[in-house]
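Okay, here's what each chain looks like letter by letter:
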Amino acid sequence: MGNIKISGYLTTLQLTRGFFVALFASLFLYLAWFGWSHPLPNTIFAILALYLLLRGDRKVWLVSGFFISIFWFWWIMMSFRLYGFPWAIPIGIFLMALVYAILFWTAALLSEVIEKHFHLSSLWFKALFLLTVSGIHPFGFDWFKPELMLTESYLGIEKWHFALILFALVMAIKREKLRYLILVLLAYQPTIGSSDIHPTPDSISEIEIVTTYIPIAQKWDPKMLPKQVALVMQEIDDAIRRQRELIIFPESVLPIFLNREQSLLSLLRDKSHNITIVMGALKWDDGVLRNSTYIFKAGELKIADKVVLVPFGESNPLPKWLSNQVNQIFYDGAVDYKASAKISDYSVNGTIYRNAICYEACSEQLYQDDPKQMIVLSNNGWFTPSIEPTQQRLLLQYYSRKYGTMIYHSINMSPSYVIKDGKVIWHANL
């Protein structure tokens with residue numbers, strides 16, 4: 001009874017194993033979401049998920065990919081409710097899960113083919129897939145990184161750490177001797193654990209990081225614009241009184257084409273003689289829409305445009321003829337944003353900051369040249385309430401650990417924070 005066939009294809013055992021692989025691979029995320037994250041269970045669950053997955057056949061892999069996609073990325077479809085299509089949420093979740101199910105199934109199938117024809121254990125190919133799958137980006141979406149499970153664990157997140165962990169697991173399975181798992185200790189990172197939060201660390205004592213809580217429906221309501229402008233001006237004046245040198249606002253804190261608002265630009269330039277202002281707003285560039293960061297400093301203005309656009313949300317990755325149809329149906333015919341061809345850096349009081357707007361801060365592309373400081377502006381209102389802000393934070397911690405980047409993150413609809421050496425050192429809730 002414990003191995004009943006379902007529709008002649010999956011057995012209950014395969015379905016159960018695949019589900020638990022996905023569950024163990026996702027617990028790090030949900031523990032962090034509930035505020036219960038700790039390096040020890042995160043380490044155990046990650047090792048257990050990888051171990052069970054490597055032991056599974058192609059059907060277990062199919063089920064694992066399906067449920068991992070759901071557990072990790074169900075929140076992506078939350079934006080449909082804001083466009084008036086809540087009925088599309090389960091359809092979108094299923095289709096996305098199907099993509100990852102096919103991806104995992106294909107990897108397991110190829111591993112079995114290689115074992116049959118080349119007499120090389122399928123375990124090695126499965127391990128190679130897990131090591132490199134972070135480079136596979138369905139529709140340009142690159143948030144799936146198995147190493148993310150290790151971000152708040154006792155193990156390293158570099159590729160060589162992950163390769164060592166996978167090697168230890170493969171050897172333990174092949175030799176049927178768990179003692180090979182001792183090799184996992186070589187990936188131990190004793191200085192990395194859970195976050196180390198302080199009320200006001202010295203590293204941000206002269207920086208004001210603003211958190212706003214403006215729902216999307218209000219943010220894009222023209223009637224609410226005066227209140228949003230007033231909020232920005234009040235925050236700037238308060239920061240000047242507190243003698244801050246830099247104030248950072250979230251993405252699209254002013255949901256207008258700010259470069260066309262000359263009176264407002266003049267007012268912000270004047271205030272920037274007393275404090276450097278970094279804020280998100282839209283940019284109209286001769287008929288081209290851009291999502292941008294405006295940097296006001298000593299009366300001067302620099303605009304840094306977004307480089308990596310959100311698939312479907314800002315730029316449709318489908319062929320042009322199909323893209324136009326999708327935009328017409330789901331986005332009222334809105335045209336896509338345009339990405340900048342160049343990553344932007346800017347200087348504030350002698351410190352160089354890498355510019356990043358929301359989604360792109362979680363892309364490897366933004367970390368070329370190992371930036372030491374990064375300012376990130378986000379609007380998480382499209383996906384809250386959900387696990388998205390937590391997953392975004394973990395990805396930023398991952399990149400901070402990997403590249404040594406200190407990240408200052410100003411957010412709408414979830415708390416802002418600062419990350420250093422992969423740890424959250426300041427949080428707006430404190």
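A quick note: this is a predicted structure, and the numbers were derived from the prediction, not measured. (Residues numbered from 1 in each chain as written. Predicted model: local features only at pLDDT ≥ 70, side-chain atom pairs only at ≥ 80, totals over all residues. Heavy atoms only, no water.)

**Here we look at the overall build of the protein chain**
Worth spelling out the cut-off: The way it works is that DSSP assigns letters per residue, a run of H or I at least four long becomes a helix, a run of E at least two long becomes a strand, and they are numbered from the N terminus. Each residue is assigned to one of three classes by its accessible area relative to the maximum for its type, calculated with a 1.4 Å probe on protein chains only: buried under 20%, partly exposed between the two thresholds, exposed over 50%. By the convention used here, residues are in contact when the closest approach between their heavy atoms is within 4.5 Å. Note that accessible areas follow from Shrake-Rupley with a 1.4 Å probe, and for residues the cover is restricted to the protein chains shown.
Along its length, the protein chain carries 11 helices and 14 strands. Within the span of the protein chain, comprising 430 residues, buried residues form 54% of the whole. For the protein chain, contacts bridging at least 24 residues in sequence account for 69% of all contacts bridging at least 6. Of the accessible surface of the protein chain, which amounts to about 19,300 Å², a share of 61% is contributed by carbon and sulfur atoms.

**Observations concerning the side chain of threonine 212**
Test applied: Here a polar contact means two N or O atoms within 3.5 Å. Within protein one must be a hydrogen donor candidate and the other an acceptor candidate, and residues neighboring in sequence count only if both atoms are side-chain atoms.
Position of threonine 212 among the secondary structure elements: in the loop between β3 (207-209) and α7 (216-219). Here asparagine 412 takes part through its side chain, which lies 2.8 Å from a polar atom of the side chain of threonine 212. Setting aside chain neighbours within four positions, we find threonine 212 in contact with Leu231, Pro250, Ile411, Asn412 and Met413.

**As for the state of the cysteines**
Between two cysteines, a covalent bond joining their sulfur atoms is known as a disulfide. Selection criterion: Cysteine sulfur atoms that pair up within 2.5 Å are treated as a disulfide.
Scanning the entire structure with this criterion turns up 0 disulfides. Distance from the sulfur of cysteine 358, which forms no disulfide, to the nearest cysteine sulfur (cysteine 362) is 7.5 Å.

**A word on the pattern of salt bridges**
Basically, it comes down to this: Any carboxyl oxygen of Asp or Glu within 4 Å of a side-chain nitrogen of Lys or Arg constitutes a salt bridge here.
With the rule as written, the count across this model stands at 13 salt bridges. When salt bridges with common partners are traced through the structure, they connect Lys283, Asp285, Arg290 and Asp305 into a single cluster.

**Focus: helix α9 (residues 262-271)**
Operational definition: For this quantity, the arc is that covered by the directions from the helix axis to the C-beta atoms.
All of the buried residues in α9 are Leu264, Leu265, Leu268 and Lys271. For α9, the angular spread of buried residues about the axis comes to 125 degrees, placing them on one side. Looking at α9, the residues exposed on the side facing more than 90 degrees away from the buried face are Gln262 and Ser263.

**Some words on the pairing of strand β8 (residues 300-305)**
Operational definition: For two strands to be treated as a pair, DSSP must find no fewer than two bridges joining them.
Bridge analysis of strand β7 (residues 288-297) against β8 gives 6 bridges, and the strand direction is antiparallel. Following the sheet pairing, isoleucine 295 is matched in β8 by lysine 302. As consecutive antiparallel partners, β7 and β8 are separated by 2 residues, and within that stretch alanine 298 has a phi angle of approximately 50 degrees, a positive value.

**Side note on a nonpolar patch on the surface**
Selection criterion: Like charges within 9 Å and nonpolar side chains (Val, Leu, Ile, Met, Phe, Trp, Tyr) within 5 Å are joined into patches, using only residues over 30% in relative accessible area that form no salt bridge.
Side chains of Trp87, Ile91, Phe94, Leu95, Leu98 and Ile102 sit close together on the surface and give an oily, nonpolar patch of about 600 Å² of accessible area. Relative to the helices and strands, leucine 98 resides in helix α4 (residues 88-118). A residue is classified by how much of its surface remains accessible, and leucine 98, at 35% relative accessible area, is partly exposed.

**Quick look at the packing of helix α2 (residues 39-55) against helix α6 (residues 159-175)**
Rules: Angles here are taken between N-to-C directions and fall from 0 to 180 degrees, while the axes themselves are lines fitted to C-alpha atoms, restricted in helices to the stretch in contact. Orientation labels follow simple angle bins: below 35 degrees gives roughly parallel, above 145 gives roughly antiparallel, 65 to 115 gives roughly perpendicular, and whatever is left gives oblique. By convention the crossing between two helices is left-handed if the near helix lies anticlockwise of the far one by an angle smaller than a right angle, and right-handed if it lies clockwise. Throughout, the ten residues Ala, Val, Leu, Ile, Met, Phe, Trp, Tyr, Cys and Pro are labelled nonpolar, Asp, Glu, Lys and Arg are labelled charged, and all others, Gly among them, are labelled polar.
Axis separation between α2 and α6 bottoms out at 10 Å; the angle between their running directions is 55 degrees. By the angle class used here, α2 and α6 are oblique. Once α2 is placed against α6, the crossing between them reads as right-handed. Of α6, the residues touching α2 (which contributes Ile47, Leu50, Tyr51, Leu54 and Arg55) are Phe162, Ile165, Leu166, Leu169, Val170 and Ile173. Considered class by class, the residues forming the contact of α2 with α6 number 10 nonpolar, no polar and 1 charged.

**Quick notes on unusual backbone geometry**
Threonine 384 connects to proline 385 through a cis peptide bond whose omega is 0 degrees. Mapped onto the elements of the fold, proline 385 is located in the loop between β11 (373-379) and α11 (388-403). Non-glycine residue glutamine 243 carries a positive phi angle of around 60 degrees. With respect to the secondary-structure elements, glutamine 243 resides in the loop between α8 (225-241) and β4 (246-248). Residue classification places glutamine 243 among the exposed residues on the basis of a relative accessible area of 68%.

**A closer look at the confidence of the model for the protein chain**
Filter applied, for reference: Per residue, pLDDT measures the predictor's confidence, with a range of 0 to 100.
When pLDDT is averaged along the protein chain, the result is 90; 90% of the residues meet or exceed 70. Per-element confidence in the protein chain is highest for β4, whose mean pLDDT is 98, and lowest for helix α10 (residues 320-330), whose mean pLDDT is 54.

**Points about the environment of leucine 40**
Mapped onto the secondary structure, leucine 40 falls in helix α2. Overall, the relative accessible area of 45% leaves leucine 40 in the partly exposed class. Distance from leucine 40 to serine 153, taken between C-alpha atoms, is 6.5 Å for residues 113 residues apart in sequence.

**Section: the packing of aromatic side chains**
Threshold: Aromatic contacts are taken between Phe, Tyr and Trp rings whose centres are within 6.5 Å, Trp giving its six-membered ring; a plane angle under 30 degrees counts as stacked, one over 60 as edge-to-face, and the others as tilted.
What the rule picks out here adds up to 38 aromatic pairs. Taking the centre distance of 5.4 Å and the plane angle of 85 degrees together, the rings of phenylalanine 66 and phenylalanine 67 count as edge-to-face.

**Considering α6**
Applicable threshold: A helix is expected to span 1.5 Å for every residue after the first.
Taking 1.5 Å per residue, 17 residues should reach 24 Å; α6 reaches 24 Å between its end C-alpha atoms and fits that length. Taken together, the buried positions of α6 are His161, Phe162, Leu164, Ile165, Leu166, Ala168, Leu169, Val170, Met171, Ala172 and Ile173. As for α6, its buried residues are in contact with α2 and α5 (122-132). Note on α6: the residue one or two positions beyond its end, glutamate 176, has a positive phi of about 55 degrees.

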